[in-house]
Amino acid sequence: MTETLDRLRPSRLGDDDLELLLLIRHFELKLLELYGRGQLNGTTHTCLGQEYVPVALRPLLGADDHVFSNHRGHGHYLSRFRDPHGLLAEIMGREGAVCGGVGGSQHIHRDRYMSTGVQGESLPVAAGVALHLKRVEPGALACVHIGDGTWGEGAVYEALNLAALWRLPLLVVVENNGIAQSSPTSSQMAGTVAGRAAAFGIRHHLVASTDVNEIRTSLGPLVAAVRQGEPLVVEFLTHRLGPHSKGDDIRPAGAVRAARESDWYDRYAHDHPEQFHRLDGLARAEVQAIADEVAARPPSRWEGP
Ligand SMILES: Cc1ncc(C[n+]2csc(CCOP(=O)(O)OP(=O)(O)O)c2C)c(N)n1
Ligand SMILES: [Mg+2]
């Protein structure tokens, strides 16, 4: 028992990593609050509970790499650019929006980064970009984030087939939170992600930890191999803390409780209280100030591509 608890103890992070984790956490919480008050339109899908995935990957990816994100992409964007102002302005339709306010929460395009709300759409595009990189910019890779439910899309398999056949520098990051909208993974996926990767002869790596340092250490050599043309599926066993989008959480209370119990946030606060409370307070205040400032801006204007 003690051993199990010890294994759950998060190692101490640098301030930089913890600041980023907390920025994403409070950014997402703020979005739900703003929606609740009717200050945001459209929809949003928060990555509450899954923040550590892009934060762990961050130093393993370079400016030459491409990142393809999905509907749950705010953490991916913030990890790459640390631009909460531009993202919130995009979501709120305010001046300074990163895509002129026409992309919103799910459709962001900036410097080798693109997100889409269409499940599975990004995989073939990422495979094509990986082919281009292999030919023109060897050493760079294409990283694509998908959820467990997205394995129900046929395009995923077409992309994996070519990635294996052509030895593409493609890193597929699966954020398996055990649910797709309201369908538990166990009710919609036959077999496993590992088995599906194996069917194509693609290496699969399972990450059950939420410890950013530990994840980086285990992924470092694998990501280096992707750059040499060994495609990889990394499956994070993770938890969605919040609703699918805003108020649509129909999970039983036990499932929500289980997700909360595996959250990195409380565990980190418990084990590293001084650092945590110092930076958590700053992140809350920073996000509040950003929300106030962005909300006061004039509407964004689309001025063409
Ligand atoms: C092609 C397509 N079909 C359906 C949807 C509606 N939809 C949005 S998110 C989602 C569930 C995705 O589940 P998963 O891939 O597990 O990601 P998660 O939401 O759990 O992060 C669905 C069905 C969509 N966006 N695109
Ligand atoms: Mg899911």
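Definitions and limits used
- Residues numbered from 1 in each chain as written.
- Chains lettered and ligands numbered in written order.
- Predicted model: local features only at pLDDT ≥ 70, side-chain atom pairs only at ≥ 80, totals over all residues.
- Heavy atoms only, no water.
- Donors = N, O, S within 2.8 Å, 3.2 Å for Na, K, Ca; no water.
- Buried < 20%, exposed > 50% of the residue type's maximum accessible area, 1.4 Å probe, protein only.
- 1 Å grid on protein atoms, 1.4 Å probe; cavity = no way out; pocket = protein on both sides within 12 Å on 5 of 7 lines; lining within 4 Å.
- Points joined across faces, edges and corners; volume = space filled by probe spheres on them.
- Helix = DSSP H or I, 4+ residues; strand = E, 2+ residues; numbered from the N terminus.
- Core = buried A, V, L, I, M, F, W, Y, C linked by side-chain atoms within 4.5 Å.
- Contact = heavy atoms within 4.5 Å.
- Patch = residues over 30% accessible without salt bridge, like charges linked within 9 Å, V, L, I, M, F, W, Y side chains within 5 Å.
- Areas by Shrake-Rupley, 256 points an atom, 1.4 Å probe, with all protein chains shown as cover.
- Salt bridge = Lys/Arg side-chain N within 4 Å of Asp/Glu carboxyl O.
- Pairing = 2+ DSSP bridges.
- pLDDT = per-residue confidence, 0-100.
- Phe/Tyr/Trp six-rings, centres within 6.5 Å; stacked < 30°, edge-to-face > 60°.

(A) Layout of the coordination of the magnesium ion (ligand 2). Coordination of the magnesium ion (ligand 2) by the protein is provided by Asp-148 (OD), Asn-177 (OD1) and Ile-179 (O), with metal-donor distances spanning 2.1 to 2.3 Å. The sequence pattern formed by the donor residues of the magnesium ion (ligand 2) is D-x28-N-x1-I. Classification of Ile-179 as buried rests on a relative accessible area of 11%.

(B) Quick look at empty space enclosed by the protein. Scanning the model with the defined rule gives 3 cavities of 30 Å³ or more in all. Estimated volume of the largest cavity: approximately 80 Å³. Residue lining of the largest cavity: Pro-10, Ser-11, Leu-13, Leu-21, Thr-210, Asp-211, Val-212, Trp-264, Arg-267 and Tyr-268, and that is the complete set. Of all the elements, helix H12 (residues 264-271) adds the most residues to the lining of the largest cavity, at 3 residues.

(C) Structural view of the nonpolar core. Ranked by internal contacts, the top residues of the largest apolar core, which has 58 residues, are Leu-88, Leu-171, Leu-219 and Phe-236. Those residues within four positions of Phe-236 in sequence are excluded, and the remaining contacts are Tyr-52, Val-53, Val-173, Val-174, Glu-175, Asn-176, Val-207, Ile-215 and Leu-219. Grouped together as the second largest cluster of nonpolar side chains are 26 residues, Leu-131, Trp-151, Leu-160 and Leu-170 included.

(D) The arrangement of a nonpolar patch on the surface in detail. On the surface, Leu-162, Leu-165 and Trp-166 cluster together into a nonpolar patch covering about 300 Å² of accessible area. By the element assignment, Leu-162 lies in helix H7 (residues 154-165). For Leu-162, a relative accessible area of 31% translates into the label partly exposed.

(E) Region of the structure containing the sheet that holds strand E4 (residues 142-147). Within the open sheet, the 7 strands sit side by side as E2-E3-E1-E4-E5-E9-E8. Their pairing is mixed. Of all strands in the sheet, those with a lone pairing partner are strand E2 (109-110) and strand E8 (203-207), marking the two edges.

(F) Just the confidence of the model for the chain, in detail. Put simply, the chain has an average pLDDT of 95, and 97% of its residues get 70 or more. By mean pLDDT, helix H1 (residues 2-8) is the weakest element of the chain at 48, and strand E5 (residues 170-176) is the strongest at 99. Low pLDDT, under 50, characterises residues 1-6; the predicted model gives this stretch 0 contacts beyond four residues in sequence or across chains.

(G) Representation of the packing of aromatic side chains. Enumeration over the complete set of coordinates arrives at 8 aromatic pairs. Ring centres 4.9 Å apart and planes at 80° place the aromatic pair Tyr-265 and Phe-276 in the edge-to-face group. Here Tyr-265, found in helix H12, pairs with Phe-276, found in helix H13 (residues 273-295); they are 11 residues apart in sequence, far enough to count as distant. Three or more aromatic residues link up through ring pairs in this structure, and these residues are Tyr-77, Phe-81 and Tyr-113.

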